[in-house]
Structures are given as structure tokens and as C-alpha cells.
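Fold and contact review
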Amino acid sequence: MGRYLVRRVLSALLVIWGVITIIFLVVRVVPGDPASVLLGTFATPELVAEQRAKMGLDSPLLVQYGLFIRQAVLGDWGRSYHEGKEAFSLVLERLPATMELAVAAIAVTIVLSFVFGSLAARWVQSPVDQAIGGLSLLGQAIPNFWLGLVLILIFARRLNWLPSFGRDTLWHLILPTVTLSVQLIGVMTRLIRAGILETMSQDFVRTARAKGVAEAAVLTHHVYRNMMIPVVTMLGLQLGALLGGVVVLETVFAWPGLGRLIVTAINNRDYPVVQASVTFAAVTVVFLNALVDLTYAYLDPRIRYG
Amino acid sequence: MSRRWPMATILISVAFIATAIGQAGPAASPGTLRISYPQRVINLDPQGTAAAERMTIILGRHLFDTLITWDAAAKKFQPALAERWRSLDPTTWEFQLRRGVRFHDGSEFTSAAVATSIERTQAIRGPITPLFAAVASVETPDPYRVVIKTRTPMGTLLSNLTLLHIIPAGTPATTAFGERPIGTGPFKFVEFVRDTRVVLDANPNYWRRGIPKLQRLIWVDIPELSGRITALETGEIDMTVQLTPEEIRRLKGSQAIKIDIGPTFYTRFIWINPTHKPWDDVKVRQALQHALNIPAITSSLVAGIAKPAKGPIASNVLCATDFEPYGYNTTLARRLLAEAGYPRGFDTELKWNDALPREREVADAITGQLALVGIRVKNTLQPRAIWLDDLLKLNWDLNLLGTGAVTGDADYTLGRLYHSRAKRTGYANPEVDSLLEQAASTVDTKKRCEMYRRVNEILWTEGPAVFLFESLESYAYRTRVQGFKLPASEIFDLSDVSVSP
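Residues numbered from 1 in each chain as written. Chains lettered and ligands numbered in written order. Predicted model: local features only at pLDDT ≥ 70, side-chain atom pairs only at ≥ 80, totals over all residues. Heavy atoms only, no water.

1. Structural notes on the packing of aromatic side chains
In total, this model carries 25 aromatic pairs over all chains according to the counting rule given. Relative to A:Trp77, the ring of A:Phe68 has its centre 6.0 Å away and its plane inclined at 70°; by these criteria the two rings are edge-to-face. Comparing A:Phe68 with A:Trp77, the two get one shared label, buried. Their ring planes at 35° and their centres at 6.3 Å tell us that B:Phe64 and B:Phe177 sit as a pair that is tilted. (Phe/Tyr/Trp six-rings, centres within 6.5 Å; stacked < 30°, edge-to-face > 60°. Buried < 20%, exposed > 50% of the residue type's maximum accessible area, 1.4 Å probe, protein only.)

2. Some words on the packing of helix α7 (residues 144-158) of chain A against helix α5 (residues 225-234) of chain B
As a packed pair, α7(A) and α5(B) sit with axes 11 Å apart at the nearest point and diverge in direction by 10°. Our classification of the angle between α7(A) and α5(B) gives roughly parallel. Where α7(A) approaches α5(B), its residues A:Leu149, A:Ile152, A:Ala156 and A:Arg157 are matched on the opposing element by B:Ser226, B:Ile229, B:Thr230, B:Glu233 and B:Thr234. (Axes fitted to C-alpha atoms, helices over the stretch in contact; angles between N-to-C directions. Helix = DSSP H or I, 4+ residues; strand = E, 2+ residues; numbered from the N terminus. Parallel < 35°, antiparallel > 145°, perpendicular 65-115°, else oblique. Contact = heavy atoms within 4.5 Å.)

3. What to know about helix α14 (residues 445-462) of chain B
All names here are of chain B. Here α14 is 18 residues long and its end C-alpha atoms lie 26 Å apart, about the 26 Å a rise of 1.5 Å per residue gives. All buried positions along α14 are accounted for by Arg448, Met451, Tyr452, Val455, Asn456, Ile458, Leu459 and Trp460. Tucked into the core, α14 has its buried residues touching α7 (282-291), α12 (410-417), α13 (430-440) and β17 (465-478). Taking the backbone nitrogen of Lys446 as reference, a side-chain oxygen 2.9 Å away marks Asp444 as the first, capping residue of α14. (Expected span 1.5 Å × (residues − 1). Polar contact = N/O pair within 3.5 Å; in protein donor to acceptor, adjacent residues only side chain to side chain.)

4. Some points on the pattern of salt bridges
Evaluation of the coordinates by the stated rule reveals 47 salt bridges over all chains. Two residues, A:Lys85 and A:Glu93, come together in a salt bridge whose shortest N-O distance is 2.4 Å. Among the ionic pairs, B:Glu83 bridges to B:Arg98, the shortest N-O distance being 3.7 Å. Of this pair, B:Glu83 sits in strand β4 (residues 82-89) while B:Arg98 sits in the loop between β5 (92-97) and α3 (111-124), placing them 15 residues apart in sequence. Salt bridges sharing partners connect three or more residues here, namely A:Glu83, A:Lys85, A:Glu93, A:Arg94, A:Arg260, B:Arg40, B:Glu179, B:Arg194, B:Asp195 and B:Asp221. (Salt bridge = Lys/Arg side-chain N within 4 Å of Asp/Glu carboxyl O.)

5. Some details on unusual backbone geometry
In the segment running from B:Ile211 into B:Pro212, the intervening peptide bond is cis, with an omega of 0°. Mapping B:Pro212 onto the fold places it in the loop between β9 (197-202) and β10 (216-221). Each neighbour pair has its own omega, and for B:Lys277 with B:Pro278 the value is -5°, a cis peptide bond. Its place among the elements puts B:Pro278 in the loop between β12 (257-272) and α7. Despite not being glycine, A:Ala254 has its phi angle at roughly 50°, a positive value. Inspection of the secondary structure puts A:Ala254 in the loop between α11 (247-252) and α12 (258-267).

6. Overview of the sheet that holds strand β7 (residues 145-150) of chain B
Residue and element names in this part refer to chain B. Read from one edge of the open sheet, four strands run β4-β5-β7-β6, paired in antiparallel fashion. Two strands in the sheet have a free side with no partner beyond their single neighbour: β4 and β6 (135-142). The sheet shows a mean angle of 20° between the axes of neighbouring strands, direction not considered. On top of the sheet, α3 reaches β5, β6 and β7; it is set at about 165° to β6, its chief contact. (Pairing = 2+ DSSP bridges.)

7. What about the nonpolar core?
All names here are of chain B. In terms of nonpolar packing, the biggest core is built from 108 residues, with Leu33, Leu67, Phe95, Phe109, Trp219 and Leu494 touching the most fellow members. Per element, the largest residue contribution to this core is six residues, and it comes from α14. With sequence-adjacent residues up to four places away left out, Phe109 is seen in contact with Leu67, Leu81, Leu97, Arg98, Val101, Arg102, Phe103, Val114, Tyr144, Ile166 and Thr184. Counting 50 residues, the second-largest nonpolar core is a separate cluster that includes Leu232, Leu251, Val284 and Leu292. (Core = buried A, V, L, I, M, F, W, Y, C linked by side-chain atoms within 4.5 Å.)

8. Some remarks on the interface of chain B and chain A
Residue-level contacts link 47 residues of chain B with 42 residues of chain A. With both sides pooled, the region where chain B packs onto chain A buries about 4,000 Å², and carbon together with sulfur makes up 55% of that total. Viewed at the interface, chain A and chain B are joined by eight salt bridges. Two residues, B:Asp221 and A:Arg260, come together in a salt bridge whose shortest N-O distance is 3.0 Å. Put simply, the parts of the chain that give the side of chain B that touches chain A at least two residues each are α1 (4-24), β10, α5, α11 (384-392) and α12 of chain B. Residue contributions to the side of chain B that touches chain A peak at eight residues, all from α11(B). For the side of chain B that touches chain A, a count of residues per class yields 24 nonpolar, nine polar and 14 charged. (Buried area = accessible area lost by both parts, 1.4 Å probe. Nonpolar A, V, L, I, M, F, W, Y, C, P; charged D, E, K, R; others polar.)

9. Some points on a nonpolar patch on the surface
Residues and elements named next belong to chain A. Together, Val108, Val111, Leu112, Val115, Phe116, Leu119, Trp123 and Val128 make up a nonpolar patch on the protein surface, roughly 600 Å² of accessible area in all. For the nonpolar patch, the element with the most residues is helix α5 (residues 87-122), which contributes six residues. Tracing the backbone through its elements, the reader meets Trp123 in the loop between α5 and α6 (127-141). (Patch = residues over 30% accessible without salt bridge, like charges linked within 9 Å, V, L, I, M, F, W, Y side chains within 5 Å. Areas by Shrake-Rupley, 256 points an atom, 1.4 Å probe, with all protein chains shown as cover.)

10. Regarding the pairing of strand β1 (residues 32-37) of chain B
Residue and element names in this part refer to chain B. Extensive coverage of β1 is indicated by the burial of six of its six residues. Here β1 shows two buried faces, one formed by Thr32, Arg34 and Ser36 and the other by Leu33, Ile35 and Tyr37. The sheet contact formed by β1 and β10 spans six bridges and is parallel. Residue pairing in the sheet places Ser36 in a bridge with Val220 of β10. Here two bridges tie β1 to strand β11 (residues 239-241), and the two strands are oriented parallel to one another. Pairing of Ile35 across the sheet is with Met239, part of β11.

Written out as C-alpha cells, the structure is:
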């Protein structure tokens, strides 16, 4: 286990180094000059040149890279050109909003997709199964920005039940969460239904039933646990994606998450913020993947890391 | 009985949630106005790198004061933190300051604050630094007197001072000030949550009596226009600006919402690059003027958000000049093209980015109209960063853009963009250069305006640009908002506004 962890950490570090190197290069290769974007159409060429020097963009790429890596190792991601704040603190500022939405959406998804998936599997090929199958297909197919706008139209504009924008009370969380989870529920329900059906036909389920274990206990103790590996993998991937920010929904609901920060920073060529936020997203995904891998061993005791 | 419990629990929960949701509906707080704005607030430093951004200036109007203000209606400067001013000689100006004014932190406003404000603007090297480049020194002979000395006579000093927001003496030239700004303005800073809101509270000790009328002013960030309109209709916000023509039409029928449309200092135009063939030929440039049906665009695509331009700068700007429009005439345009040696037209490219409302539709209309006279336009939308890069490198034939004369002075647009030194359009005319230089160093406004009149005329007739529109600004607000007066430009001020409960 110890050696596995060391190997795992080393490969994670390698992946993260790869990501930050690629992002460092990509932002600089893409056309557009941060200094002129910063000063806009109002600046003189002299001011733009001065600003480039101040940003350190006038030195050779390799020098910039060396400096960047050294600072990154020390935990200094530089200051945002535009906002004037530490790039990493801007990322941290956005974290609560992004986490709140991601965790809420995943929680709703887990609960509802287990309910729907189990119902569909319980009455397989019945109208219930067909209805759930149809709805989850629909859920996957509906573009979420459109769904978001429709929900705003109904629940905010017409009924005036829920706030239409922003992040303030728990009520503000409802529409974005619903919008975000509809697609996920669609995916997960189908996955869970298939998993249950496959596991149900296994010998150990038959044995459990033969022993007289109650149907509910069969489901919770034997079936669920044995179908969890693909489910956990999928949930880990989805959570990782959500923690990187959901740009379109953040725009529709005026939700101050990471997605808008990244897009604004890319548009403004705000290199430090792009670097800090993309690195953060990469670290999150790597960490979640590792967590998912470790969960496998818990879910299936036959899996041993060594 | 016990079986009914789950049902009862569900019913009670639903009732509870429904009641709570009912209470969650937007409640208008007394004395608070919530407004949503179309641009992102980058930071609040009035001298920082975002100092020329519209939102920084608008918020600055509420947080800070300037020495003087420009009264577009009376066409003269009005006292603010400076009570009187005079020019001692062409390079020396003296300002007598208002006494008894305090910053939001309780410190007293004195001449040292004026010196800090100018020196900090120079030190930061941001977009408004050039406005004070000619200032040689700021002397403070006593706490209520400031003497500004300029290297050369500076005709634009007073106009430029209307953009100098006064900050406390000794404020360092770092970015921290933008996070917690302190001014003498009608509102004081409470909180700035990026991409969410800026909250300001009334300054009870404001030196103008009876102002502000609001207790709290909240600027809410809603990036999508449809989201802003929804929030306005549901009452989650009280006011928003910059609507589309469709929304203006639709909301005009609403009982709960009032729409006002006012002028701006903003003009939108097509720049023509005379260093690229065939645009070096003035006949080709004039053909372009006649080939465009501008009223057709302003009466449909940009109805209510723009009107045809009458000159290179917007009519409310100091030293603006009105001209006869060119007139839509495709026969004349074709003849001019033929005379220039292009009877069958030519290929060219129009670059733009979608920062301005309806820019896409305008670019499409221009492309279509020019096709009718044989000018085949490649219509190219660019991301802002790439567009700016190309713009500054003169890597374009035609460029669709706009600019605002933020200080309300002709020099801000003309001197900054059309002097050949600026290298913005590739157009170089020694007469324009010399007039712009003379005007900038002439202190007498009347004489300056005469020079700008000639510059405007040259730009209009042989120009490196087709001046398309003067932008209009639309303001939509709920009827509880009272006392809103249309500003002379897009920089509006809510310190006079009140809200009914």
C-alpha cells in the first residue's frame, strides 16, 4: 500500500507538472497581448511596452517559464493583471460557490438516480421502466442552458417562487442545482439500472435470496455494493468536471463560480489567473481520481494495491 | 392511523416549504436601490489599470468627488471640491478648495489629497496616465490651495480633471486601494464581491446637503441581458441599463417599468486603413460613405440605442461640430469607385469584436450594403484580445468599433486617436496634427473649439472613418425609483434618486 501511494503521488505530480507546462505554453502561444488588453484602446504604445515589461513578458520564454515554476513551487501564482489581486486568492474566492453547486448537484443526482434506477430495475420492461428510461434519455438530451432559462421563466418570472439569479440564500441554489443535475441524473439512472440488473442475475444474489434475506437487504447489502465501481468512477469524473466550473450555467444564473473566472481570464489574457485556475482544476481531478481508485479497494475487498 | 403518518409528514413539509418559498420572494427594502449593470466591475481603483472602464468611472462618481464637473447643459465647468479656479499664466492653474469636506474614514480633505491623486495617476502608468502627462508639479501652498504647473500650456486640464477622482493623501500606488476605496463621495464603500455585487451605503456627512437620498445602493452583477430583464420584472432589482431594441419595445408597454433613453459621449464608426490599398484613395473612402444607408440601420437594427452620427464626436461633447450627412447614393458610390479605377469593385475585410450592442447585426448590414456597390467584404468577428492586437498593429482594412469621450472633451477622442503619432488609423495629415497640437495647448476654449471644428471637418470629408452612430443609453427602472434625471453621457449618477417603499 505504501509503495503504491508513493507511486501514485509521483505520477500525480508528473501529471500536474505536465498540465501547468502545457497551460503556460498555450496561453502564450494563443494570439493576443495581455498588456494591450489590460490598457484597452486608451493606452499609448509606450504604456503598453512598459506594462509588458512590468508583467515580465519581455523576457525570453524559457526565463519566464523558469520563474513561473519556481514561484509555483513556492505557492506564488502571481497577481491577476486585471483585478490586482493574488491569482490564487481569486480562485479560492470562487471555490465556495463552485463547491456548493457541484456538491448539491451530485447529492441530488445520487439520491434521485438511485431511486429511479432501482425502480426501473425492480419493474424492468414495465411502463415504469419505460417512463424512467424515456425521461432519463430526455434529461441527457436537453441542453442545460435552455433548461435553465425555461426554469427561470416558470419559477421566477411567472410563479415568482424562486429567485432568478445570484447566490445568496438556499433558495438561490435550487434552480441551478436542478438544471445541473437533470443531465447527470439521466446518465446515472441508466448506469445504475444496468448495474442492478446485471448484479441481480449473479449467483450470490440468488444465494442471498435463498438464505431468506429480505429483498431490501439484498439490494442494499449485496446488489448496490457490487455495482458501485462504475457508479463511483462516473461520479468522480462528473464531480471533477463540475469543480472546474460550469460556464454556461454560471452565466445564465449569475452564479459567481470558477467557470466564469476562467473564461474571463482567458478572454483578458490574464495569464496568472488562467494558470492558477486551470492548475487548481487539474489538481482537483487528479485528487478525485486517486480517491476513486482508493474507493475501489473498499468496495471490492479483492482489489489490493501493492 | 399509523400508515397515514408518512403522508401527513409529506403534506406538512410541502406546506412548510411553500410558505418559506413564498417568503423568499424578493422584498424591496426601504431606502435601498438595486441596479444591474452591463459591464463587469474589474476593480474600483479610480487611477488603476481599469480607470478608463465605464463601470469604474460610474462607481467612482458615487464613491469619490472631482475638483470640478462638466455641466453639459450649461456648457461650462461647475465647482465641486474646488470652489474657484483660475489660470495664473498659460502653464499655471490655481484651485481654491472647499473647506470642511471629510473622507469616508473621517480624515479631512486638503490640498495634499489633490497632489496624491494626480501623482498617483502618473505613477501607476495606467490608461488615464496620459491625461496628466503634461503636469510638471502639483504644489500645495496651504491646505486649501493647489497650484498645478504644466510643462506646456494644457487646454485640456479642466476637462481631464473631471476624470480625476480625489483619494486620501498618501494613498500608495498599489492595487490594495481598489479593494477598499475611500473617497469623499455621496456613498461609501461597504463591500465588493467579484462577479456578484458592489454595495455602497449613504455617506451621512456628504458636503452637498440632502444628498444622497438613498440609504443603500447595491450594484448587482447579472451577465445576461435576459437575466437582468427577468430580475427587473420580478422586482429582484429596481433598475438596469443598456437594453436591446426589442426589450425597449416590449417593456414600453409595462405598467411597472419605465424606460428612459438618453445621450452618451459615445460614437461608433468604421475606421478605414489608408495604408492598405485601395483605401489610400480618398475617392474610395468617399464611395464607402455613400454606399452605406445609415438611417436604415438606426431605424431598425439599433433603433433606440443609436442615432445617425453628425460628426466625429458625439454632440454633447465639448467642441462637437454637426455636419450634413453624406446621403445614401449607390450610383454616386459606384461612380466614385469607377473614377478611382475600381469599376468592378474589390475585395476587402471588416474586422470587429462583439463588445458593442448589436455589433454583429451592424457588421452584417454593412457587409450586405457594400456588396450592392461591388465592395466584397470578408466579415470577420474576432475575440477581443486578438482584435485589439490586430487593431494596434494596423493589421486590418476596415475596423468596426466605437469610443467614448470620457472627459467630455473633444481632445480625448480627436487628440488621442487621430494625431498621426497615435498610429491608430494609419491616417496622417500634417494639418490635423498641427491643429490638434495647437488646440491641446490652447487654454481659451473658444479658440480650441475653432481648431477642433476644422479637424472635425477634415475627418468628416476625407476621413479615415465613416462615423456611423452616436450611441444612446437606455435606462429601465421600476416605478418605485423616483427622481432619476437623464445624464448628459453614459456616466450616470444615482445620488439624487430616491425609492418609494
